[in-house]
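Overview (structure and organization)
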Amino acid sequence: MKILYFCVMSAFALSMQAHAQDQKGQFETDFDHRVQFKLVKQTDKQYHLEVARLGGVSFERMNLFTTRKAKRICGDMGYSIKYLEGVESFDDRNAKPNYIFPSLTVEISCP
C-alpha cells in the first residue's frame, strides 16, 4: 500500500511540475506550503518571486512562504519585500466568492 501511495504521489508531482512550466522559466513546488513558485534573480541583490496557489491555498500561507523565502535568500542581513500583485484584503473572499485571485508577485531586495 505504501509503494502504491508513493507511486501515485510521484506521478502527481511530476504532472504538476510539467503542467506549471512557463516560457520564462519553470515553477517549482513547495509541498509543505502547498504553493508553486518561480524565483528569478534580477541582480545580485534583487529577486522577483511569483507564488501560485495549489488547491485554494490561503493568502496567509502564500505570504508566510514569501517571508520565509526572503529570509532564506538574504539571510540575517535583513530583506525588503515589495508587493506587486495578488494581495487580498480581509473580506475579499466574502465579497467576491467566485473571483479567481492572481498569483502573489513580489520583489525581494537584500541590503
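Reading the values: the criteria
Within any chain, residue numbers begin from 1 and follow the written order of that chain's sequence. Only residues with pLDDT of at least 70 are given local features in this predicted model, and only at 80 or more are side-chain atom pairs given and counted; all residues enter the totals for whole chains, interfaces and linings. Think of the side-chain values as coming from all heavy atoms in the structure, minus any hydrogens and water. Runs of H or I in DSSP of at least four residues are treated as helices and runs of E of at least two as strands, each being numbered from the N terminus. Here's how the labels work: a residue is buried when its accessible area is under 20% of the maximum for its type, exposed when over 50%, partly exposed in between, all with a 1.4 Å probe on protein chains only. In this description, contact between two residues means that some pair of their heavy atoms is separated by no more than 4.5 Å. Computed by Shrake-Rupley with a 1.4 Å probe, the accessible areas treat only the displayed protein chains as cover when residues are assessed. Cysteine sulfur atoms that pair up within 2.5 Å are treated as a disulfide. Here, strands pair whenever DSSP counts at least two bridges between them. Note on method: axes are straight lines fitted to C-alpha atoms, helices fitted across the in-contact stretch only, with angles between N-to-C directions ranging 0 to 180 degrees.

Some thoughts on the overall build of the protein chain
The number of helices and strands found in the protein chain is three helices and five strands. Going from the N terminus to the C terminus, the protein chain shows its helices and strands as α-β-β-β-α-β-α-β. Counting the 111 residues in the protein chain, one finds 29% classified as buried. Of the contacts made within the protein chain by residues no fewer than 6 positions apart, 47% connect residues no fewer than 24 positions apart. Entry remark: accessible area of the protein chain is about 7800 Å², with carbon and sulfur atoms responsible for 56%.

A few points about the state of the cysteines
Going through the model one piece at a time under the given rule, you end up with one disulfide. Disulfide partner of Cys74: Cys110, at an S-S distance of 1.8 Å. Since a negative S-S torsion denotes a left-handed disulfide, the Cys74-Cys110 link at about -75° is left-handed. Of this pair, Cys74 sits in helix H2 (residues 59-74) while Cys110 is found in the segment after strand S5 (104-109), placing the two residues 36 residues apart along the sequence.

Examining the sheet that holds strand S1 (residues 28-30)
Taken in spatial order, the five strands line up as S1-S2-S3-S5-S4 in an open sheet, and their pairing is antiparallel. The open sheet has two edge strands, S1 and strand S4 (80-85), and neither has a second partner. Along the sheet, successive strands turn relative to each other by an average axial angle of 30°, direction set aside. In this sheet, S5 lies alongside S4 in antiparallel orientation, the contact comprising five bridges. Directly across from Lys82, in S5, lies its bridge partner Glu107. Together, S1, strand S2 (35-41), strand S3 (46-53), S4 and S5 form the strand contacts of H2, whose direction differs from that of S5 by roughly 20°.

Concerning the pairing of S2
Looking along a regular strand, one sees side chains alternate from face to face of the sheet. Judged from the three bridges that link them, S1 and S2 form a sheet pairing that is antiparallel. Pairing of Asp30 across the sheet is with Val35, part of S2. Between the antiparallel neighbours S1 and S2 lie four residues, among them Arg34 with a positive phi of about 60°. In this sheet, S3 lies alongside S2 in antiparallel orientation, the contact comprising seven bridges. Considered in S3, the bridge of Val35 is made with Arg53. What sits between the antiparallel neighbours S2 and S3 is a turn of four residues.

Section: unusual backbone geometry
Despite not being glycine, Arg34 shows a phi value in the positive range, around 60°. In this fold, Arg34 is placed in the loop between S1 and S2.

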